Amino acid sequence: MVSRPAPLRSFAPVWRPDARVLILGSMPGAASLDAAEYYAHPRNAFWPIMGALFGAGPELPYAARLARLLDAGVALWDVIGRCERPGSLDSRIVADSVEPNALARLLAESPRIGHVFFNGSAAEQAFRRHVRLPADFRAIRFARLPSTSPAHAARDLAAKLDAWQAVRATLGRPLARAA
């Protein structure tokens, strides 16, 4: 008998009803789960990118980073609410263990969200496989951005930041200036 890994649970969404953009990851990695913080791995490019875009960089305390994103109109969550996965790689998620988060409900409770950005292809694939929005749901634009994970090193930070400018452009905000 093969032992299955213990089930993992993602975090609650970081959002407000006035959010205009939703960024979706797949499932937090081990470092994030251990720290109870989104994108906690020190080599993950997410917070450096959010620092450049919204002044929510890794030099700030976690709560301040989240507050800056919320003030900018950005919500965070993961597609997968529960799964089994040995280690941190998305490719190791046990397919028949995936339970999606209640994304249709979150989107219904956030009527201003008009854009959903996937943090990498695993998040997009999980969404397309496991999430069903009602047929008459409002029009939302979906776009995949390059993963900020350190496991995806095909693009450097500058190239990832260039692609992630789409989030700021969607919100119509000027580039954040360093303090």
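Preceding this section is the structure that the text describes.
Residues numbered from 1 in each chain as written. Predicted model: local features only at pLDDT ≥ 70, side-chain atom pairs only at ≥ 80, totals over all residues. Heavy atoms only, no water.

Caption draft 1: Examining the layout of surface pockets more closely. The volume enclosed by the largest pocket comes to roughly 580 Å³. Along its surface, the largest pocket is lined by 31 residues, and Met27, Asn44, Ser88, Asp90 and Ser149 are the ones closest to its centre. When contributions to the lining of the largest pocket are tallied by element, the ones reaching two or more residues are helix H1 (30-35) and helix H5 (121-130). By residue number, the principal contributor to the lining of the largest pocket is H5, which donates four residues. (1 Å grid on protein atoms, 1.4 Å probe; cavity = no way out; pocket = protein on both sides within 12 Å on 5 of 7 lines; lining within 4 Å. Points joined across faces, edges and corners; volume = space filled by probe spheres on them. Helix = DSSP H or I, 4+ residues; strand = E, 2+ residues; numbered from the N terminus.)

Caption draft 2: Structural detail: the sheet that holds strand S4 (residues 80-84). Reading across from one edge, S1-S4-S5 is the order of the three strands in this open sheet, with antiparallel pairing throughout. Of all the strands in the sheet, the pair left with one neighbour each is strand S1 (7-9) and strand S5 (99-100). Both S1 and S4 contribute to a ladder of three bridges, which runs antiparallel. Counted as the bridge partner of Pro7 is Glu84 from S4. (Pairing = 2+ DSSP bridges.)

Caption draft 3: Region of the structure containing the sheet that holds strand S6 (residues 115-119). Sheet architecture is open: four strands sit in the order S3-S2-S6-S7, paired in parallel fashion. Looking at the sheet topology across the chains shown, the edges are occupied by strand S3 (74-78) and strand S7 (141-145). When the angles between neighbouring strand axes are averaged without regard to direction, this sheet yields 25 degrees. Looking at chain direction, strand S2 (residues 21-25) and S3 are connected through five bridges and run parallel. In the sheet register, Leu22 faces S3, and the bridge partner there is Ala75. Each of S2, S3 and S6 touches helix H2 (residues 46-54); the most contacted strand, S3, lies at about 165 degrees to it. The strands touched by H5 are S2, S6 and S7; relative to S6, the strand with the most contacts, the crossing angle is about 120 degrees. (Axes fitted to C-alpha atoms, helices over the stretch in contact; angles between N-to-C directions. Contact = heavy atoms within 4.5 Å.)

Any functional reading would require information beyond the geometric quantities listed.
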